[in-house]
Amino acid sequence: FVDDDWLAANDLLPPSPPITAPSSPALKANGSSKDRFQRATIRDLRLKPVTTVLANSPCADAIETMRDKGFDQLPVSSPSSNKLVGLVTLGNLLSYLSSGRATATSPVSDVMFDFTKLGEVVTDPKAISLNTPTEKKQHATTGEGESHPKRKEFVDITRDTPLSALSRFFEWN
């Protein structure tokens, strides 16, 4: 009774139901043929919370968190808001500590890759769903008066960003 092959050979397995795709009420409810993600957002993915470290935390805390979780890098968030301000890597941290440029009590902000020093941040999630680089350039010029074609665009992606916009972002970037 434990061997499925023996049960099948002796016609002792119950009949299996026909294989059909399960119905999805979410797909039927929206019914949009253009948006393959049915207007779902990143929030709808129900992802696990992101482990971060605060910018004013000591380097020792960041190292301990990375070792406990098995990470080699951590996003750094602002102490005053939940906004991403940088990234700290274990290699960079250890390099700073071993060279004496930082101590275990130094704030993570001293050794992180600081995103606030980067050029341009696009905060409109609709801008990442533009179809072509030409459309992106046209969008960048509207409202601001001039375009910065040599500057890299950094996009603010939130939990409310549509999956269709995120997919388009990954296709073009």
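All of these numbers come straight from a predicted model, not from anything done at the bench.

1. Looking at the overall build of the protein chain
Here comes step 1: The helix and strand inventory of the protein chain stands at six helices and six strands.
Here comes step 2: Looking at the 173 residues of the protein chain, the share that counts as buried comes to 24%.
Here comes step 3: Pairs at least 24 apart in sequence give 58% of the contacts found in the protein chain among residues at least 6 apart.
Here comes step 4: Accessible surface, the protein chain as shown: approximately 12,600 Å² in total, 55% of it carbon and sulfur.

2. What to know about the side chain of Ser106
Here comes step 1: Inspection of the secondary structure assignment puts Ser106 in the loop between helix H4 (90–99) and strand E4 (113–114).
Here comes step 2: A residue is classified by how much of its surface remains accessible, and Ser106, at 12% relative accessible area, is buried.
Here comes step 3: Of the polar contacts made by the side chain of Ser106, one reaches the backbone nitrogen of Thr103; its length is 2.8 Å.
Here comes step 4: The contact partners of Ser106, leaving out residues within four places of it in the chain, are Ser57, Pro58 and Cys59.

3. Details of the packing of helix H3 (residues 59–69) against H4
Here comes step 1: Following both chains from N to C, one finds H3 and H4 inclined at 140 degrees, their axes separated by 11 Å at the closest point. The orientation of H3 with respect to H4, classified from their angle, is oblique. The two elements H3 and H4 meet at a crossing, and its hand is left-handed. The segment H3 lies against H4, with Cys59, Ala62, Ile63 and Met66 engaging Leu90, Leu93, Leu94 and Leu97.

4. Structural notes on the pairing of strand E3 (residues 84–89)
A regular strand places its side chains so that they alternate between the two faces of the sheet.
Here comes step 1: Pairing analysis gives five bridges linking strand E2 (residues 73–77) to E3, with the strands arranged antiparallel. The partner of Val76 across the bridge, within E3, is Gly86.
Here comes step 2: Between E2 and the antiparallel strand that follows it, E3, lie six residues.
Here comes step 3: With two bridges joining them, E3 and E4 adopt antiparallel strand pairing. Each bridged residue has a counterpart across the sheet, and for Gly86 the counterpart in E4 is Asp114.

5. A word on the pattern of salt bridges
Here comes step 1: Tallied over the full model, the rule gives three salt bridges.
Here comes step 2: In this structure, Glu171 engages Arg36 in a salt bridge whose closest nitrogen and oxygen atoms are separated by 3.7 Å. Here the residue Glu171 occupies a position in helix H6 (residues 163–172), and Arg36 occupies one in the loop between helix H2 (25–30) and strand E1 (53–54), the gap between them amounting to 135 residues.
Here comes step 3: Where Asp160 meets Arg43, a salt bridge forms, and the shortest distance between an N and an O atom there is 2.7 Å. Of the two residues, Asp160 is situated in the loop between strand E6 (153–155) and H6 and Arg43 in the loop between H2 and E1; the sequence distance between them amounts to 117 residues.
Here comes step 4: What emerges from the salt-bridge pattern is a single network uniting Arg36, Arg168 and Glu171.

6. Some words on the pairing of E2
Here comes step 1: Bridge count for E1 against E2 is two bridges, and the pairing is parallel. Across the sheet, Leu54 pairs through a bridge with Ser77, a residue of E2.

7. Some thoughts on the environment of Phe169
Here comes step 1: Of note, Phe169 is situated in helix H6.
Here comes step 2: The exposure class of Phe169 is buried, given its relative accessible area of 18%.
Here comes step 3: The spacing of Phe169 and Val155 is 14 residues in sequence and 9.0 Å in space, taken between C-alpha atoms.

8. Let's talk about the environment of Leu74
Here comes step 1: Mapping Leu74 onto the fold places it in strand E2.
Here comes step 2: The exposure class assigned to Leu74 is buried, which follows from its relative accessible area of 0%.
Here comes step 3: For Leu74 and Val50, which are 24 residues apart along the polypeptide, the C-alpha to C-alpha distance reads 9.2 Å.
Here comes step 4: When sequence neighbours within four positions are dropped, the list of residues in contact with Leu74 reads Thr51, Val53, Ala62, Thr65, Met66, Gly86, Leu87 and Val88.

So, how was this worked out
- Position numbers for residues start from 1 in each chain and track the written sequence from start to end.
- Residues qualify for local features only when their pLDDT is at least 70, as the model is predicted, and side-chain atom pairs are given and counted only at 80 or more; totals for whole chains, interfaces and linings, by contrast, use all residues.
- Heavy atoms from the whole structure form the basis of all side-chain values; hydrogens and water molecules are not counted.
- Secondary structure follows DSSP: runs of H or I at least 4 residues long count as helices, runs of E at least 2 residues long count as strands, and numbering of each begins at the N terminus.
- Buried, partly exposed and exposed residues are distinguished by accessible area as a fraction of the type maximum, computed with a 1.4 Å probe on protein chains only: under 20%, between the cut-offs, and over 50%, respectively.
- Contacts between residues were defined by any pair of non-hydrogen atoms, one from each residue, lying within 4.5 Å.
- Per-residue accessibility takes into account occlusion by the displayed protein chains alone, with areas from the Shrake-Rupley method and a 1.4 Å probe.
- Between N or O atoms, a polar contact is any pair within 3.5 Å; within protein, one atom must be a potential hydrogen donor and the other a potential acceptor, and residues adjacent in sequence are included only when both atoms are from side chains.
- Orientation is described by lines fitted to C-alpha atoms, with helices fitted over the stretch in contact, and by angles between N-to-C directions that extend from 0 to 180 degrees.
- For classification, angles of less than 35 degrees are called roughly parallel, those exceeding 145 degrees roughly antiparallel, those between 65 and 115 degrees roughly perpendicular, and all remaining angles oblique.
- Two helices cross in a left-handed way if the nearer one is turned anticlockwise from the farther one by less than a right angle. They cross in a right-handed way if the turn is clockwise.
- Between any two strands, at least two bridges found by DSSP are needed for them to pair.
- Whenever Lys or Arg places a side-chain nitrogen within 4 Å of a carboxyl oxygen from Asp or Glu, that contact is recorded as a salt bridge.

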